Amino acid sequence: EFIKDIGTLSANSARLVFRDITNRTNTRTVIACLIPPKTFITNTGPVIIFSRGDQKDEAYLLGVLSSIPLDWYARRFVETHLNFFILNPLPIPRPNRDNIYWQKIVKISGRLACPDERFRDWAEKVEVDYGPIIEEEKKEKIYEIDALVSHLYGLKEDEITHIYETFHSTWDYKNHLKKVLQYYKSYK
């Protein structure tokens, strides 16, 4: 019945996707986002289908995939394409749902993923608001996610600094790193 029910097609729900065509010299290598329901995407935007878990798990994964620590690691393996053969073995921390870092990443990432009403149903399941976010608030949330993910990877401050110093040769990372380290220290 589930398979024959057209309402259960994944395209009827918001979905997590990532960009296949990329490069380790771009400003970002792993580019993931939530696309709204009833939106179709080509084969260069693979959809991540969850066989178990829920929208909170999607929000968590989206937060980790969108973080600088994960992206820094992915750059060691990506040349021009990010496909499931590269994505699947990436080390994604798997804390329990009662882990404070998991919970914060779900809330922050979930909120960032829902810029308008098209994401209302998904936002309700993640228990976050939806709608526009002021640019400065958005940046702060991104810094916080990077700090939380750094904790989940067990990174030390000098390792975080190394990641930012070696992430991209042309970016001005100092302010971003400063903010991430402030959040990192606040969660110790």
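To be clear, the structure that these remarks concern was listed above.
These notes cover the structure that comes with them. (Residues numbered from 1 in each chain as written. Predicted model: local features only at pLDDT ≥ 70, side-chain atom pairs only at ≥ 80, totals over all residues. Heavy atoms only, no water.)

### Here's the deal with the overall build of the protein
A tally of helices and strands in the protein yields 8 helices and 3 strands. Counting helices and strands in the order they occur from the N terminus, the protein gives β-β-β-α-α-α-α-α-α-α-α. The C-alpha radius of gyration computed for the protein amounts to 17 Å, which stays within 12% of the reference 16 Å derived for 188 residues, consistent with globular compactness. Each of the three principal axes of the protein carries a C-alpha extent, and together these read 55 × 35 × 30 Å. Across the 188 residues that make up the protein, the buried fraction comes to 45%. Within the protein, contacts between residues separated by at least 24 positions form 70% of all contacts whose residues are at least 6 apart in sequence. Of the roughly 10800 Å² that the protein leaves accessible, carbon and sulfur atoms contribute 53%. (Helix = DSSP H or I, 4+ residues; strand = E, 2+ residues; numbered from the N terminus. Rg over C-alpha atoms; globule rule 2.2 N^0.38 Å. Buried < 20%, exposed > 50% of the residue type's maximum accessible area, 1.4 Å probe, protein only. Contact = heavy atoms within 4.5 Å. Areas by Shrake-Rupley, 256 points an atom, 1.4 Å probe, with all protein chains shown as cover.)

### A closer look at the packing of helix H6 (residues 135-152) against helix H8 (residues 174-186)
Between H6 and H8, the shortest axis-to-axis distance is 8 Å and the interhelical angle comes to 60 degrees. Of the possible angle classes, the one that applies to H6 and H8 is oblique. Relative to H8, the crossing made by H6 is right-handed. Between H6 and H8, the contacting residues are Glu140, Ile142, Tyr143, Glu144, Asp146, Ala147, Ser150 and His151 on the first element and Asn175, His176, Lys179, Val180, Tyr183 and Tyr184 on the second. (Axes fitted to C-alpha atoms, helices over the stretch in contact; angles between N-to-C directions. Parallel < 35°, antiparallel > 145°, perpendicular 65-115°, else oblique. Left-handed = near helix turned anticlockwise from the far one by under 90°.)

### Thoughts on the nonpolar core
Counting 38 residues, the largest nonpolar core has Tyr60, Leu65 and Trp122 as the members making the most contacts within it. Broken down by secondary-structure element, the contributors of at least two residues to this core are strand E1 (15-18), strand E2 (32-35), helix H1 (55-65), helix H2 (68-74), helix H3 (84-87), helix H4 (100-112), helix H5 (120-126) and H6. Those residues within four positions of tryptophan 122 in sequence are excluded, and the remaining contacts are Ala14, Leu34, Gln55, Glu58, Ala59, Gly110, Ala113 and Cys114. Core analysis: the next-biggest nonpolar cluster, separate from the first, contains 15 residues, Leu155, Ile163, Val180 and Tyr184 among them. (Core = buried A, V, L, I, M, F, W, Y, C linked by side-chain atoms within 4.5 Å.)

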